[in-house]
Number of protein chains: 2
Amino acid sequence: MNTASPTRKPSRIQKRNRKLILDAALEVFSTHGYRGATLDQIATCAGLSKPNILYYFTGKEEIHITLLNGLMDTWLAPMREIDPEGDPLEEILRYVHRKLEMSREFPRESRLFANEIIQGAPRIGPHLEAGLKPLVDETSTLFEGWMAAGKLAQMDARHLIFSIWATTQHYADFAAQVRVLMGEADVEGGARAHLDMMFRRLLRP
Amino acid sequence: MNTASPTRKPSRIQKRNRKLILDAALEVFSTHGYRGATLDQIATCAGLSKPNILYYFTGKEEIHITLLNGLMDTWLAPMREIDPEGDPLEEILRYVHRKLEMSREFPRESRLFANEIIQGAPRIGPHLEAGLKPLVDETSTLFEGWMAAGKLAQMDARHLIFSIWATTQHYADFAAQVRVLMGEADVEGGARAHLDMMFRRLLRP
DNA sequence: TCTTTTCTTGACCATACGGTCAGGAACCGC
DNA sequence: GCGGTTCCTGACCGTATGGTCAAGAAAAGA
């Protein structure tokens, strides 16, 4: 019986294999996109047989959705950690640095989301509305309060957030391009210094 | 006989149909990615039959590569238009605005490139090295000269370029997300004002 | 007009892919 | 050790997809 049974805590094997599958799927989906990924690739990558994959998940789409949902929390955590009581400039800079770190630490997750959004968010659209939007609205209000209090330079809070996302995730999503253009240089360190300077200049009242 | 014949100027019909195909392919590839796109979709979208598509192109991959190569020039044109003799700050701001305009005007092209790069640039990698890198190197040198002359704030020129690309293309590549978060607001105008202010603050010596 | 070349297509093919199923193997409480 | 449940797989199926081909329709020369 599969996981459809309502009350049944997952066995040791179940936990291990679902993790194997999701990890393999993250690898494959993030590099080939949803349509480009195949169950065979995921199975091989996970070290399991294809029917076994379908023993744990009802189909390809469920794997993808499970991944996206599970990752959403991790992905938004840094924004949730912005402290309304902290120093505005330092809080936002900390957020920038945390996002950049995540770009380096979880590039596959970043690309998974990027792939999904670029293609019109066909499978995660509802979750954007329900999960992301409230958080962004709240954070925007917080930023606007800081600006009104003269703690930050005046600007559109949502566009500021877009700029932070864009500049930090760029290093994960466009890594192939960055690698070509930067060669052997210390990309990570350079990016950190650049973004710190950039947002410091931008936000200083 | 197909286009492999070396010396043969394309007929009227040939020109029209190749254009139809490439335009349809841009639409389909940019929204579904390379693997997600099918020849049938492209054929339907172009109003031609599938075998007819394959009369003009040897296969799916050739269509994709032709698209990428043909678009590269258009895509890099704004960077080529930066005037070394112009006012540094205004030249770069003009570049930012031009890139943002292209995001609005050619979102499909932007997503096509984004898809390709995210997946590791498997089909355009060589062209990045040969076409993009020299131009970026040259532009970086120009920027560094301006910085050394005290016309711009000091920073890493390559990371500056990344920041410009990331923030402007974000509005095309992540349009689905922006739409959810901004609702009916005037995204275009807000983005223009925000990026102008942002890079002005950043670059002012 | 007649001929040659270019263009177009319906029918077809081989493969790849998502998914199913019957039955066997491994695990687990007893 | 035994019975029942969970876990696993080889073989298989229907469909979608990239691509081919022979032959007809349309243009283009002559």
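Residues numbered from 1 in each chain as written. Chains lettered and ligands numbered in written order. Predicted model: local features only at pLDDT ≥ 70, side-chain atom pairs only at ≥ 80, totals over all residues. Heavy atoms only, no water.

Named according to an unreviewed UniProt entry, chain A is HTH-type transcriptional regulator RutR originating from Roseovarius gaetbuli.

Draft legend 1. Here's a closer look at the domain arrangement of chain A. All names here are of chain A. Considered domain by domain, chain A is made up of domain 1 (12-57) and domain 2 (65-203). Using only C-alpha atoms to locate each centre, domain 1 and domain 2 end up separated by 28 Å. Taken residue by residue, the interface counts eleven residues in domain 1 and nine residues in domain 2. A combined buried area of about 910 Å² lies between domain 1 and domain 2, and 63% of that area is made up of carbon and sulfur atoms. Contact with domain 2 buries area across many residues of domain 1, yet Leu 26, Ser 30 and Tyr 34 alone supply 53% of it, more than any other trio. Taken together, domain 1 and domain 2 are joined by two salt bridges. A salt bridge links Arg 108 to Glu 27; the nearest nitrogen and oxygen atoms lie 2.9 Å apart. For the pair domain 1 and domain 2, the number of links is three residue pairs in polar contact (both at pLDDT 80 or more). Of the residues belonging to the side of domain 1 that touches domain 2, the class tally is six nonpolar, two polar and three charged. (Domains from an automatic or database assignment. Contact = heavy atoms within 4.5 Å. Buried area = accessible area lost by both parts, 1.4 Å probe. Salt bridge = Lys/Arg side-chain N within 4 Å of Asp/Glu carboxyl O. Polar contact = N/O pair within 3.5 Å; in protein donor to acceptor, adjacent residues only side chain to side chain. Nonpolar A, V, L, I, M, F, W, Y, C, P; charged D, E, K, R; others polar.)

Draft legend 2. Region of the structure containing the relation of the copies chain B and chain A. With an axial shift of 0.0 Å and an RMSD of 0.1 Å, the rotation relating chain B to chain A amounts to 180°. When the rotation and shift are considered jointly, the pair of chain copies conforms to a two-fold rotation axis. For chain B, the smallest separation between a C-alpha atom and the rotation axis is recorded for Ala166(B), amounting to 2.6 Å. (Least-squares fit on C-alpha atoms with pLDDT ≥ 70 in both.)

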